[in-house]
Amino acid sequence: TKCESGCVCADGLYENLDGRCVPAEECPCEYGGLAYGKGEQIQTECDICTCKKGKWKCVQKSVCSSTCNLYGEGHITTFDGQRFVFDGNCEYILAMDGCSINRPVSSFKIVTENVICGKSGVTCSRSISIYLGNLTFILRDETFTISGENPGVQYNVKKNALHLMFDVIIPGKYNMTLIWNKHMNFFIKISRETQETICGLCGNYNGNMKDDFETRSKYVASNELEFVNSWKENPLCGDVYFVVDPCSKNPYRKAWAEKTCSIINSQVFSACHNKVNRMPYYEACVRDSCGCDIGGDCECMCDAIAVYAMACLDKGICIDWRTPEFCRKFLQALF
């Protein structure tokens, strides 16, 4: 209804990120705050996406990988994306195959051993055991040992100042990357060439998070505690009956925990906020920071923030969040 001064592109042309008018075929695509030109590609775990007329056209990969995260004081995200928290002082099976009644032979099993790490009773993952037939990796006390051998398994170990990474190939079955931060965080990234059933605390990896609480007895538990108790490696361990809220037991720590973890909600991570839901990571950070009350509290907090930074990195967004004054210890690390 009224004229406004300014410039517009002629019919059939569109303004690109540089302010130039270009035809639709030349329009760039955006991902993670970066611009990609016509024909450029990005890859996610499951898709290959190509920029075409300003929009991403994606094709699903034939082999798709997924990641299970165990971090902090008993936080787990399953292969299918289900989240839960548990506090159990025992050994638990994170993931294994050979779960079906018809094929009970397992080619791999990954076990976490939890120990008490706070006065409120919260637990931390301190030891990881990886069984590959007669080949065994034990991850404990910031180092690892390898015993036995299995000619049917190929593996490679990489290490830096913060992480140990194991690339494991079981030919015809699985490609796995196992990442341990030598403390509380452990990640299992797996792609499979078989429809073999997977089970354990990491879920059944069938693409449906609603049935992830499948117990060892092959029924879906009504709650996560029943599910967790079914995957104890040692049946003599006591059952978990409730989940501790460390901030309720340590209210004097809550304000400090909320303040330090607020970096996740700040501008520092703003490029990632619309790619990865930050609230579960913020809540986990506050919980862990309240719970680590017998030493290592800053390390617990930094570990929790690093998990969100890693989730951002998986989406192609690298956040430079560490400073000499904040989580300085791991400045040389990747995330």
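How each quantity is defined
Residues numbered from 1 in each chain as written. Predicted model: local features only at pLDDT ≥ 70, side-chain atom pairs only at ≥ 80, totals over all residues. Heavy atoms only, no water. Salt bridge = Lys/Arg side-chain N within 4 Å of Asp/Glu carboxyl O. Helix = DSSP H or I, 4+ residues; strand = E, 2+ residues; numbered from the N terminus. Buried < 20%, exposed > 50% of the residue type's maximum accessible area, 1.4 Å probe, protein only. Pairing = 2+ DSSP bridges. Axes fitted to C-alpha atoms, helices over the stretch in contact; angles between N-to-C directions. Phe/Tyr/Trp six-rings, centres within 6.5 Å; stacked < 30°, edge-to-face > 60°. Domains from an automatic or database assignment. Polar contact = N/O pair within 3.5 Å; in protein donor to acceptor, adjacent residues only side chain to side chain. Nonpolar A, V, L, I, M, F, W, Y, C, P; charged D, E, K, R; others polar. Arc of directions from axis to C-beta.

Let's talk about the pattern of salt bridges
Under the definition given, this model contains six salt bridges. Across the salt bridge formed by Glu-25 and Lys-53, the nearest N and O atoms sit 4.0 Å from each other. Pair noted here: Glu-25 is in the loop between β2 (21–23) and β3 (29–31) and Lys-53 is in the loop between β6 (47–52) and β7 (55–60), with a separation of 28 residues, a long-range link. The class for Glu-25 is partly exposed, based on a relative accessible area of 39%. Under the relative-accessibility criterion, Lys-53 is labelled partly exposed at 48%. The residue Arg-140 makes a salt bridge to Glu-113 at a minimum N-O spacing of 3.8 Å. Taken together, the residues Arg-140 in strand β14 (residues 135–140) and Glu-113 in strand β12 (residues 109–116) connect sequence positions 27 residues apart. For Arg-140, a relative accessible area of 38% translates into the label partly exposed.

So, the sheet that holds β6
Taken in spatial order, the three strands line up as β5-β6-β7 in an open sheet, and their pairing is antiparallel. Bordering the open sheet on either side are β5 (41–43) and β7, each of which pairs with just one other strand. Between one strand and the next, the sheet's axes are offset by a mean angle of 25°, whatever the strand orientation. Where β5 meets β6, three bridges bridge the pair, whose relative direction is antiparallel. Its bridge partner lying in β6, Ile-42 is registered against Cys-49.

Quick notes on the packing of aromatic side chains
Scanning the entire structure with this criterion turns up 16 aromatic pairs. Ring geometry for Phe-213 and Phe-227: centres 5.0 Å apart, planes at 35°, overall tilted. Here the residue Phe-213 occupies a position in the loop between β20 (198–199) and α1 (224–230), and Phe-227 occupies one in helix α1, the gap between them amounting to 14 residues. Each member of the pair, Phe-213 as well as Phe-227, carries the same accessibility label: buried.

Section: the domain arrangement of the protein
When cut into domains, the protein gives domain 1 (13–60), domain 2 (65–230) and domain 3 (246–315). Its C-alpha centre places domain 2 at a distance of 23 Å from the equivalent point of domain 3. Between domain 2 and domain 3 we count zero salt bridges in total. In this structure, the connection of domain 2 to domain 3 is made through five residue pairs in polar contact (both at pLDDT 80 or more). Split by residue class, the side of domain 2 that touches domain 3 holds seven nonpolar, seven polar and four charged.

What about helix α3 (residues 251–261)?
Taken residue by residue, α3 has Arg-253, Ala-257, Thr-260 and Cys-261 as its buried positions. Mapping the buried residues of α3 onto a view down its axis gives an arc of 85°, with all of them on the same face. Turned more than 90 degrees away from the buried face of α3 sit Pro-251, Tyr-252, Ala-255 and Lys-259, all of them exposed.

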